[in-house]
Amino acid sequence: MTLTCRKVTEILIDYVDGTLPDEERSILERHLCGCVPCAIYMHTYHETIRITHSLPDEPLPDEFACRLKSMIDRACPE
Amino acid sequence: MAETAIGVLTPERVFREHAPRVYNLAKRMLGNDADAEDVTQDVLLQVVRKLDTFRGEAALPTWLHRVTVNAALASRRKRARRDEGRVNEPLDGFTDDGHHAGHVRPWPRLPDTLALDREQKQQIEKGIAALPEVYRDVFVLADVEQLPNSEIAEMLDLSVPAVKSRLHRARLLMRDALSRHFEERLP
């Protein structure tokens with residue numbers, strides 16, 4: 001059995017999360033060894049996941065932070 | 001006030017420690033500041049008014065995720081914004097016999113998320129904002145917030161396979177969007 005590049009792309013998510021059956025995983029890994037575009041595609045797919053994880057939160061805009069704090073103070077007076 | 005293992009959960013602490021998370025999640029889902037501010041305000045006021053009912057701080061992040069997602073979805077429904085054009089389909093980039101239609105170019109070596117520079121972070125945020133809503137919600141919850149697919153399925157009223165399918169499509173679109181930026185940086 002062989003895989004096309006398109007099929008490789010379709011099953012990357014299962015490969016990455018470890019749910020691809022063993023036989024398909026071996027076939028995919030063989031394909032990746034012999035296909036530079038797919039190997040690069042796989043690497044950049046992985047990188048997309050990695051650099052998006054834990055994307056830091058930006059602070060609230062100053063004006064909104066003041067407005068929100070006032071609302072909370074009004075809603076919960078000491 | 002609710003007593004927790006590490007102290008008293010006050011409105012001040014909720015504001016300081018949780019408002020940015022709520023705001024960023026809403027902004028990433030909704031793609032604009034004004035709606036994100038409305039959602040943050042609604043969620044924070046709900047939380048501080050119910051602080052007495054919280055039994056433990058551990059429950060708060062989970063509850064905040066759920067309430068924020070619901071508020072963001074409601075905000076979107078209220079706006080009934082359906083102005084999305086056709087999205088580039090990532091799986092269009094293949095020939096009829098299944099090969100890559102164009103060059104697939106590598107990216108430069110990228111640092112950890114926390115060490116990404118401002119421009120790189122902006123590119124990621126821009127890519128997220130450009131995702132169609134159905135993919136964006138799942139992507140933000142799975143890959144940014146790192147919630148399990150089963151929890152996302154429950155929040156969005158989807159099946160787990162549907163979450164996975166949308167997540168994969170979102171990652172392919174994000175990869176394409178980031179490629180347009182990072183490939184240009186190669187010498």
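Look up: the structure comes first, before these words.
Everything numeric here is computed off the predicted structure, so don't read it as measured data.

For this particular structure, what's the right way to read the overall build of chain A?
Helices and strands together make up the secondary structure of chain A, namely five helices and zero strands. Tracing chain A from N to C terminus, the helices and strands come up as α-α-α-α-α. On C-alpha atoms alone, chain A measures out to a radius of gyration of 23 Å, which is more than a quarter above the 12 Å that the 2.2 N^0.38 rule sets for 78 residues. Overall, the C-alpha framework of chain A stretches about 70 × 25 × 15 Å when taken along its three principal axes. Residue burial in chain A is summarised as follows: out of 78 residues, 42% are buried. For chain A, contacts bridging at least 24 residues in sequence account for 55% of all contacts bridging at least 6. Here chain A displays about 4200 Å² of accessible surface, and carbon together with sulfur accounts for 55% of that area. The positive charge centre, built from 8 side chains, and the negative charge centre, built from 14, are 3 Å apart in chain A.

I would appreciate a short explanation of the interface of chain A and chain B in the present structure.
Where interface size is quoted, it is often the accessible area lost as the parts come together. Every contact between the two is made by 39 residues of chain A and, on the other side, 50 residues of chain B. With both sides pooled, the region where chain A packs onto chain B buries about 4300 Å², and carbon together with sulfur makes up 66% of that total. For the chain A face of the interface with chain B, the top three residues by lost area are Tyr41, Ile51 and Leu55 of chain A, together amounting to 14%. Here chain A is connected to chain B by six salt bridges. Residues Arg21 of chain B and Asp57 of chain A are paired through a salt bridge, measuring 3.1 Å at the closest nitrogen-oxygen approach. For the pair chain A and chain B, the number of links is 15 residue pairs in polar contact (both at pLDDT 80 or more). The dominant element in the side of chain A that touches chain B, judged by the number of residues it contributes, is helix α4 (residues 36-52) of chain A, at 12 residues. Considered class by class, the residues forming the side of chain A that touches chain B number 21 nonpolar, eight polar and 10 charged.

Help me understand the pattern of salt bridges in this model?
Side-chain pairing between opposite charges can occur once the charged atoms of the two side chains come close. This model, assessed by the stated rule, comprises 24 salt bridges over all chains. Note that Glu37 of chain B and Arg67 of chain A form a salt bridge whose closest N and O atoms lie 2.9 Å from each other. Of this pair, Glu37 of chain B sits in helix α2 (residues 33-49) while Arg67 of chain A sits in helix α5 (residues 62-75), placing the two residues on different chains. We classify Arg67 of chain A as partly exposed; its relative accessible area is 30%. The structure contains a network of salt bridges with shared partners spanning Lys69 and Asp73 of chain A together with Glu12, Arg13, Arg16 and Glu17 of chain B.

How do you make sense of α2 of chain B when you look at a structure like this?
Helix length check: α2 of chain B, at 17 residues, gives a terminal C-alpha distance of 24 Å against a target of 24 Å (1.5 Å per residue), a fit within 8%. Along α2 of chain B, the residues classified as buried are Asp35, Ala36, Glu37, Val39, Thr40, Gln41, Val43, Leu44, Leu45, Val47 and Val48 of chain B. Considering only its buried residues, α2 of chain B is in contact with α5 of chain A together with α1 (11-30) and α3 (59-79) of chain B.

Rules used in this analysis
- Residues numbered from 1 in each chain as written.
- Chains lettered and ligands numbered in written order.
- Predicted model: local features only at pLDDT ≥ 70, side-chain atom pairs only at ≥ 80, totals over all residues.
- Heavy atoms only, no water.
- Helix = DSSP H or I, 4+ residues; strand = E, 2+ residues; numbered from the N terminus.
- Rg over C-alpha atoms; globule rule 2.2 N^0.38 Å.
- Buried < 20%, exposed > 50% of the residue type's maximum accessible area, 1.4 Å probe, protein only.
- Contact = heavy atoms within 4.5 Å.
- Areas by Shrake-Rupley, 256 points an atom, 1.4 Å probe, with all protein chains shown as cover.
- Lys, Arg positive; Asp, Glu negative; His and termini not counted.
- Charge placed at Lys NZ, Arg CZ, Asp CG, Glu CD.
- Buried area = accessible area lost by both parts, 1.4 Å probe.
- Salt bridge = Lys/Arg side-chain N within 4 Å of Asp/Glu carboxyl O.
- Polar contact = N/O pair within 3.5 Å; in protein donor to acceptor, adjacent residues only side chain to side chain.
- Nonpolar A, V, L, I, M, F, W, Y, C, P; charged D, E, K, R; others polar.
- Expected span 1.5 Å × (residues − 1).

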